[in-house]
Amino acid sequence: LDPLMARVLVLDDESSRIAVVTLDLGRTFAETLLDGMRDAVRRSYRVDQVFFIASHTHSGPVIEDGYPEGKVPAWETRAQERITAAIGDACNRLAPARIGTGVGEVFIGHNRRLLNPDGTVKMFWRNVTRVQTSPVDARVGVIRVDDAVGRAMTILVNYSCHPVVLGPDNLRYSADFPGAMAHMVSEKMEGNPICFFLQGAPGDINPFYDKTPLQEAAVKRMKQTGEQLGVEVCRVTEKIVTTAPENARLKFRLEKMQFSVRWDLEVLLQHLKRFSPAAAERYRRRLSKPLSLPVMTLLINDSISFMGMPGEPFISFAIDFRKRSPALESFFVGYANGYYAYFPPIAAAVTGGYGANTITTWTEVGAGETMVDHSIIALYEMLGMLKSSPSP
């Protein structure tokens, strides 16, 4: 229906070099394959780290965590080769740049978990009448990267909403509304800068027109949703003033954190076997040992921070991270550098609902809060605000 893109931004402060890769996919590739790309560009292009962020479009191809030896799908192999080459291409085109940020607001979605007076949760998938729900985060975060004379080269857009305007009767690949947004912004802005979509924390956020049937003008609704976001992105982008810092600085970490599996595995597998023995076997392979989750922290020029979780975070984590981050501007991303299903906050794990106490939640209760704490501490350390020795 529309192209699925991998977009590459390389940043270099003359001592470190990183790449940010956004993927119009439901999730990132398996971590072993991501590491293979990292190793290749480290050797060939001196790229110290690569952060991969998927948009979570539901209209993309299925990706597994692992394949039998030699059985990686051909399209995945081709994609990874082209992404690796694109990172090298970007490295060869490095140029002096200016950077700035801006914030806007737009409502294209709702919280799909309705909390009843008795404390139970009802799933509220579609909301065409736009009933007010909470929590919802309408924040549109924008980062603009210009060339040395102030022409926009790249626009990065951070927003939290499931890309599921298209429903299960759509059998054509699509980037859903993030693709429509990126296309519109690139077309509208002078110089046609590359527009990236950085998915936020949409674990409990759906678009108003969730899973629209094709006969109800799903493609039109998808484009309208993306363009509504795109209009606000253009408005914010045009007001951003970019600057070239005297001392550019990149500080970054991708650290593994260990968590237990939330469920009794045998009970979970017995439940799954009634529906799909094949799914039960996949879960056994994935969840038979403690989970090692990559947590991303990035700080640009000691003022712009990012945190990334490897799965589907609920919206409260994005709000909490921004509130507590010591950086001037902060951005939260999900579906980053791996996939470990849903991360609900503790309160949601108690009240339940899809993604909160279902088989799509793998990690122990409190894992999301622990990851946010970890990244906040890392930022304070990067800024030199935490001391390594006690006060007298």
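Quick summary incoming for the structure in this document.

Reading the values: the criteria
- Residues numbered from 1 in each chain as written.
- Predicted model: local features only at pLDDT ≥ 70, side-chain atom pairs only at ≥ 80, totals over all residues.
- Heavy atoms only, no water.
- Buried < 20%, exposed > 50% of the residue type's maximum accessible area, 1.4 Å probe, protein only.
- Helix = DSSP H or I, 4+ residues; strand = E, 2+ residues; numbered from the N terminus.
- Pairing = 2+ DSSP bridges.
- Right-handed = clockwise from strand over helix to strand, strands pointing away.
- Expected span 1.5 Å × (residues − 1).
- Contact = heavy atoms within 4.5 Å.
- Polar contact = N/O pair within 3.5 Å; in protein donor to acceptor, adjacent residues only side chain to side chain.
- Axes fitted to C-alpha atoms, helices over the stretch in contact; angles between N-to-C directions.
- Parallel < 35°, antiparallel > 145°, perpendicular 65-115°, else oblique.
- Left-handed = near helix turned anticlockwise from the far one by under 90°.
- Nonpolar A, V, L, I, M, F, W, Y, C, P; charged D, E, K, R; others polar.

## Topic: the pairing of strand 2 (residues 17–23)
(1) Moving on: Of all seven residues making up strand 2, seven are buried, and the element is well covered by its neighbours.
(2) Moving on: Every second residue of strand 2 is oriented toward a common face, with Arg 17, Ala 19, Val 21 and Leu 23 on one face and Ile 18, Val 20 and Thr 22 on the other, all of them buried.
(3) Moving on: Hairpin connection from strand 1 (residues 6–12) to strand 2: four residues lie between these consecutive antiparallel strands, with Glu 14 at a positive phi of about 75°.
(4) Moving on: Strand direction decides the pairing type here: strand 2 and strand 3 (residues 49–54), joined by six bridges, are parallel. Within the sheet, the bridge partner assigned to Val 20 lies in strand 3 and is Phe 51.
(5) Moving on: The handedness of the strand 2 to strand 3 crossover, carried by helix 1 (residues 31–45), is right-handed.

## Observations regarding unusual backbone geometry
(1) Moving on: Going from Ser 134 to Pro 135, the amide bond is cis rather than trans, its omega being -5°.
(2) Moving on: One non-glycine residue, His 56, lies in the positive phi region at around 75°.
(3) Moving on: Looking at where His 56 falls in the secondary structure, it is placed in the loop between strand 3 and helix 2 (74–92).
(4) Moving on: A positive phi angle, near 50°, is found at Asn 192, a position not held by glycine.
(5) Moving on: Turning to its location among the elements, Asn 192 is positioned in the loop between helix 3 (176–188) and strand 10 (194–199).
(6) Moving on: For Asn 192, a relative accessible area of 46% translates into the label partly exposed.

## Focus: helix 1
(1) Moving on: The end-to-end C-alpha distance of helix 1, which contains 15 residues, comes to 20 Å, matching closely the 21 Å that a straight helix rising 1.5 Å per residue would cover.
(2) Moving on: Among the residues making up helix 1, those that are buried are Glu 31, Leu 33, Leu 34, Met 37, Arg 38, Ala 40 and Val 41.
(3) Moving on: At its buried positions, helix 1 is contacted by strand 3, helix 2, strand 12 (250–259), helix 6 (277–287) and strand 13 (291–300).
(4) Moving on: In the stretch just after helix 1, Arg 46 is the one whose phi turns positive, near 55°.

## Describing the side chain of His 110
(1) Moving on: Within the secondary structure layout, His 110 lies in strand 5 (residues 109–111).
(2) Moving on: There is a polar contact of 2.9 Å between the side chain of His 110 and the backbone oxygen of Phe 124.

## Brief notes about the packing of helix 5 (residues 265–273) against helix 6
(1) Moving on: As a packed pair, helix 5 and helix 6 sit with axes 8 Å apart at the nearest point and diverge in direction by 160°. It follows from the interaxial angle that helix 5 and helix 6 lie roughly antiparallel. Remark: the crossing between helix 5 and helix 6 carries right-handed chirality. Where helix 5 approaches helix 6, its residues Leu 265, Glu 266, Leu 268, Leu 269, Leu 272 and Lys 273 are matched on the opposing element by Pro 277, Ala 279, Ala 280, Tyr 283, Arg 284 and Leu 287.
(2) Moving on: Split into classes, the residues belonging to the contact of helix 5 with helix 6 amount to nine nonpolar, no polar and three charged.

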